[in-house]
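These are the residues of each chain, in order.
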Amino acid sequence: MSLLEVGLVAQLALALLAVTAAVAAPTPLRPLLAGGATLLMGLSGVATGALALGGRTGIVSAPLTVGLGLDARMTLAPDRLGGLFMLLAGAVGAVAALYSVGYARGPAGSRTGCAAFAVFLLGLQLVPASGDVVAFLLTWELMAIGSTILVLAEHGRRDQVRSAGLWYAAMTHLSFLFLLAGFAVLTVAGHSSSFAALAAGRISGDQAGLAFVLLTIGFATKAGLVPVHVWLPRAHPEAPSHVSAVMSAAMVKMGVYGVVLTVTRLLPGGPRWWGLVVLALALPSALYGILQASVTSDLKRLLAYSTTENVGLILSAVAISMLAASSGDSAVAGVAMVAALMLTVSHAAFKTVLFLGAGALLHATAERDLDRLGGLVRSMPRTAVAFGVACLGAAALPVTSGFAAEWVLMQARIHGDSRDQLTSALLPAAIAVVALTAGLALLTFVKAFGIAFMARPRSPGATTAHEVNRPMTAAVLIGAAAVLALGLAPGLTATAAATALRSAGVVGAVGAATTTSAAAAVGTGAGWGVALPGIGAHLDPLALTLLALAVTLPVVLVTWLLARRHPRRDVDLVWGGGGVRTSPRMPYTATSFAEPLVRVFDDALQPTRDLRVTHAQESRYLVQEVSFHQHLDDRVEKSLYRPAIAMLDRAGDLARLMQNGSMHRYLGFSFVALLVVLVAVAW
Amino acid sequence: MSATVTTMLLVAVQCGLLLALAPVRVGLMRQVRARLEGRAGAGVLQPWRDLAKLARKEPLRAPGVRFGGALPVLLMGASLLLVALLPLLQTATLVAVPDDLFVVVSVLLLGTVAIALLGLDSGTAFGGMGASRHMTVAALVEPTILVAVYALSIPVGTSNLSAIVSARLDHPATVVAPVSLLALVALFIVVIAETGRLPVDNPSTHLELTMIHEAMILESSGRDLGWVEYASWLRLGALLALVANLAAPWGVVQHLHVLAVLIAMVALVLKVAVLGAAIASGEVFLAKLRLFRVPELLAGSFVLAFLAVTASYLTV
Amino acid sequence: MTDAGFTQVLGSCAGVLILTAVLQLWRRSLSGSVTLLALQGAALSALIGTIGVAAADPELIGVAVLVLAIKAVAIPIVLGRTAAATGARREDAPRINPTAALLLSAVLTTVAYLASRPILGAAPDAAQRAVPVGIAVVLIGFLLLLTRRQAISQLIGFVVLDNGIAMIALLTAGGVPLVVELGVSLDVLLVVLILRVLTGRLKHVFGATDLDDLTELHD
């Protein structure tokens, strides 16, 4: 039994332990025991993933009693790419489990809640380990069921949870159906259900195209791309925060994994329109996601939309890689794919912290509306630091992981082949969209941090807030440290990404280009930086930081000298902005912060505004009260899903004509059906 | 002397030069404007006197303000880093920290974020208003910057600023090519927008309906205000110097020599002075745009940058 | 003229043509639009002249002079007078806002670029490389026609469209015979004159030159 196999089995065993602890442990000890076991399972996932990434191989296989007409065994055999994603899922899971020790109270800390969390994480860690279609679909369902239960955890407290759970369940099943169909096409065409055999079989032609489209729709639904993103902004806010963190940072990434798996391993070397399809899904998602995020004031909803944006960016990198590969530009294809994986890792790191931080805010203030938070940097300094670092990462500012990843992405973009007609027409547009996305992300996260933590508390909850308990702060600080570390030493991620793409199975396609060139295109360069010899660029954030410190040092010294002579004086009112400044109604809120943007994108967002002015009774020139209400709908949902749902409702009403509750009518249906069958047989 | 040490020295000289001259440039611009408007003006050294006065004053802190002291220092650090990264005097840059444009833009945005947070931290309506407008403009500016940069980088094949500048020195014809002109005009417009000059923001107004930059720093005082002002001047100075170097790369040191460095310094001062004076005289004739027509201006500059990219395909 | 210099001048003329077309979308003031139109006419004339000089073709140079006279001088003067006569000074409410129109023009340029590739073949020469610009000018002219409400803006859009067509014809066919260009240019002038009279009538009947008012005529 190889070390990798031990790791895989250990994950199963620890999951079992966690479920047992969740079910058997007494209530006060349950979060600690179940959370601890889940934490260990996450760590074992990290270790196993690292082994697989390092090139170790191993197979755990079990016979299935359900006959599917195939050689029905389920096999776990992670390759390097799978290893990277398993590592990611394990790390996110471990941090979230640590957090849950302090956080999981109430419904999220119930028997069901703790057990479902362990099952959810197990599914998540085993999806990238799957070596065949059966195992993939089974672990995928495990992940889906676990997360659905967790989304519904707090259904007793808020009504919206039920609707969110319904949306989530429906979309998840839609995703599963498409995957099932896609894999069925693949299995039939390749005469095997094992990934290795499918990769070796080289399926091509119409069948490959059909499978690609079905699988892409399925994975895009899981990844939350527009227009199948509708579950994200509903499910993420309503789920307990450690669950939303895992869902956003790791589960959504399984959609990315699926796409990368499809285009690099199962169906490599696809025609050019595949890349265009992915690009056409990805770029609008990035822009739409961040636009919605920038104008919403519900913190967790904001983070959910930002997930759509990031997945859009990741898949746009994948698409650039596919396009470059199909025009034979191997260096750019390799770099773009590495950028996609670096973005994936980076997003996992900062989004974990952001969701966990949002959970901490919710825990401390019972508010998740940014308009009612404020001034928390004083009462929750540790959470504020972690959240701030993660915001820098989300805004792709130096020197965080997001910055390094986006730098690689931009390098791949500007070195795209400008002689190729289609690419040269698309690249400027793609650059512009990504740049606008980055600009809006900057605004969004300045808003998220500045409004939540700075200025003055805007509600009683925010006034009486307190720092959260140790496991929770530890979890967010570990995550923030990871964001910084991956930013200072992006060479680590880049090398891991290049290694993952070198995977034995990953050939051709993004392909012939990527596998050989990813390693050649990415080196760690001097120190910890990223070097892209393929396109002649390098980045060393550590050196940049040193330079920044060197130039800032004199400023700090001068400030210190001046401060010794003229210390700061505390006053009640500096300038006051023309009024009494102690009122919490004075500072800008998140809604007012985003107002100029709403106006600029008025046509795209189409907000509904309601302005009511109540005049004083004595004179209509005196205003007694002004009430302003603004509502922003998700336009895709409004124009695409509402009509579809209304149509389904009408179909349901029609069906009621047939099904009126009369026993005789039902018996009549059976009778007619029997007759039809008999006639058909006699024929 | 090894090459690295020389380069570091030159970077230090560059920082020193801009630090010394950024306030003078502001003074010059104000003076030009004053003369054109028929006023006597306060003299080009007035900004330096203002800074000295602010340094001697004690900063005030209102309750609830947390980062009033740290953010100005961060902003100043970011501005200095920006100056250190740009190829203003020379085309040889530090090996470990290439002046890659994406890095430069990120450092610029770091400063933008610092000042926006300063506005939010003050907890007043004005601070938030300024921060909100500032970030909206910054978000809309970014596509133009990156597409313009892309247009400039196509002929050179790299996004390193020093490579772009030295390519322009080697082939002066490329400077007046349509690609480069369109991209430069687009870059110029976004520099104006990003640093809050007319017609996007009026640097000398305190009218609440229109102000952006001033609104954010309204609550700062003493040395905090001094740093913020100094850093903003430095930012504008560095960006103008960059545009000037792209438009007229002559004088930039390619082969190291003491005399060459001196010439480069003089050339840089002249270029920035001319550009600054031109902007100041242009501002006399400009009115501030309504805030919600600023996107039109930025969309216009974006289209220019976009056309520059398209044009570069025509001439390749 | 050297080869590189030729390309440079050609590129600059094409740049001015597209730039003036884009700026038409931006400007609201009618007098500004007319000035831009004159500039565009001059650029077109310079383009024709450059190719004429490079090919040492006296006929083309004649066309250039003609175009300069009609499109850079005559038509702008007529339009300017029309604007003054009707009292219309600004295009106040275009159908789509200028920001969207500007972004749309970027998209149209891309479309023009993509669409012109199959026409041009594998190795286009310097002049042919500027064909996408001509197509883009045509598309932007159409956009102006579609989105503007004022009668004079419509006329401007029409002339922009015509400039684009002239440019494409020149660049792909290597020049238009003098007679044809003469006919087309005079036609445009004639159209402008007729529409000027009609605009005057419109102003007389409705008191404004907003073309939306024409929908009132159906009954």
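Residues numbered from 1 in each chain as written. Chains lettered and ligands numbered in written order. Predicted model: local features only at pLDDT ≥ 70, side-chain atom pairs only at ≥ 80, totals over all residues.

K.L.:
Could you give me a rundown of the overall build of chain A, with the residues and numbers involved?
P.N.:
Helix and strand counts for chain A come out as 26 helices and seven strands. Computed over the C-alpha atoms, the radius of gyration of chain A is 27 Å, within 12% of the 26 Å expected from 2.2 N^0.38 for a compact globule of 683 residues. Judged by the C-alpha coordinates and their principal axes, chain A covers about 95 × 75 × 60 Å. Per-residue burial for chain A yields a buried fraction of 60% across its 683 residues. Counting contacts in chain A only where the partners sit at least 6 residues apart, residues at least 24 apart contribute 80% of the total. (Helix = DSSP H or I, 4+ residues; strand = E, 2+ residues; numbered from the N terminus. Rg over C-alpha atoms; globule rule 2.2 N^0.38 Å. Buried ≥ 20, exposed ≤ 12 C-beta atoms within 10 Å, placed from the backbone. Contact = placed C-beta atoms within 7 Å.)

K.L.:
Run through the interface of chain B and chain C, naming residues and quoting values.
P.N.:
Interface size is commonly expressed as the accessible area that is lost once the parts come together. The partner chain C presents 19 residues to the 16 residues of chain B that form the contact. Looking at the side of chain B that touches chain C, the elements that each hand over two or more residues are helix H7 (178-194) and helix H11 (294-315) of chain B. By residue number, the principal contributor to the side of chain B that touches chain C is H11(B), which donates 12 residues. Class assignment of the residues belonging to the side of chain B that touches chain C gives a composition of 12 nonpolar, three polar and one charged. (Nonpolar A, V, L, I, M, F, W, Y, C, P; charged D, E, K, R; others polar.)

K.L.:
Outline the domain arrangement of chain A, listing residues and values.
P.N.:
Each assigned domain of chain A is listed here: domain 1 (268-559) and domain 2 (639-682). Inter-centroid distance (C-alpha atoms) of domain 1 of chain A to domain 2 of chain A is 50 Å. (Domains from an automatic or database assignment.)

K.L.:
Describe the pairing of strand S6 (residues 608-615) of chain A, and please don't skip the residues or the numbers.
P.N.:
Residues and elements named next belong to chain A. Across the eight residues of S6, zero count as buried, placing the element largely on the outside. Both S6 and strand S7 (residues 623-631) contribute to a ladder of eight bridges, which runs antiparallel. For Leu611, the partnering residue across the bridge sits in S7 and is Phe628. (Pairing = 2+ DSSP bridges.)

K.L.:
So what's going on with the nonpolar core? Residues and values would help.
P.N.:
With 438 residues, the main nonpolar core has A:Ala118, A:Val318, A:Ala339, A:Leu442, B:Val147 and B:Ala308 as its most contacted residues. Here this core takes 25 residues from helix H13 (residues 330-365) of chain A, the largest share from any one element. When near neighbours in sequence (up to four residues on either side) are disregarded, A:Val318 contacts A:Val259, A:Val260, A:Val263, A:Val278, A:Met337 and A:Ala340. (Core = buried A, V, L, I, M, F, W, Y, C linked by C-beta atoms within 7 Å.)

K.L.:
Go over helix H9 (residues 222-247) of chain B with me, naming the residues and quoting the values.
P.N.:
Between its first and last C-alpha, H9(B) extends 38 Å over 26 residues, near the 38 Å set by a 1.5 Å rise per residue. Where burial is concerned, most of H9(B) is hidden: 25 out of the 26 residues are buried. (Expected span 1.5 Å × (residues − 1).)

K.L.:
How would you explain the interface of chain B and chain A if you had to name every residue and give the values?
P.N.:
Listed by partner, the interface residues are 70 residues for chain B and 66 residues for chain A. Taken together, the elements giving at least two residues each to the side of chain B that touches chain A come down to helix H2 (46-56), strand S1 (60-61), helix H3 (70-85), helix H4 (101-121), helix H5 (125-156), H9 and H11 of chain B. For the side of chain B that touches chain A, the leading source of residues is H5(B), giving 20 residues. Looking at the side of chain B that touches chain A residue by residue, the classes come out as 45 nonpolar, 14 polar and 11 charged. As defined by bridge partners, strand S5 (residues 569-570) of chain A adjoins S1(B) across two bridges and the pair is classed as parallel. Each bridged residue has a counterpart across the sheet, and for A:Asp570 the counterpart in S1(B) is B:Arg61.

K.L.:
Run through the confidence of the model for chain A, naming residues and quoting values.
P.N.:
It should be kept in mind that the predicted coordinates are not to be read in detail where pLDDT is low. Put simply, chain A has an average pLDDT of 86, and 93% of its residues get 70 or more. Note on residues 504-521 of chain A: pLDDT is under 50 here. Beyond four places in sequence and across chains, it has 66 contacts. (pLDDT = per-residue confidence, 0-100.)

K.L.:
Help me get a handle on unusual backbone geometry, residues and values and all.
P.N.:
All names here are of chain A. Residue Pro227 is reached from Val226 by a cis peptide bond, and omega for that bond is 5°. Its place among the elements puts Pro227 in the loop between helix H8 (206-223) and helix H9 (232-238). Look at the link from Pro398 to Val399: it is a cis peptide, with omega at -5°. Its location among the elements puts Val399 in the loop between helix H15 (381-394) and helix H16 (401-414). Residues other than glycine seldom take positive phi values, yet Ala366 does so here, at roughly 60°. For Ala366, the location among the structural elements is in the loop between H13 and helix H14 (376-379). Positive phi, close to 60°, is recorded for Ala396, a residue that is not glycine. With respect to the helices, strands and loops of the structure, Ala396 is situated in the loop between H15 and H16. With 29 C-beta atoms counted inside 10 Å, the residue Ala396 sits in the buried group.

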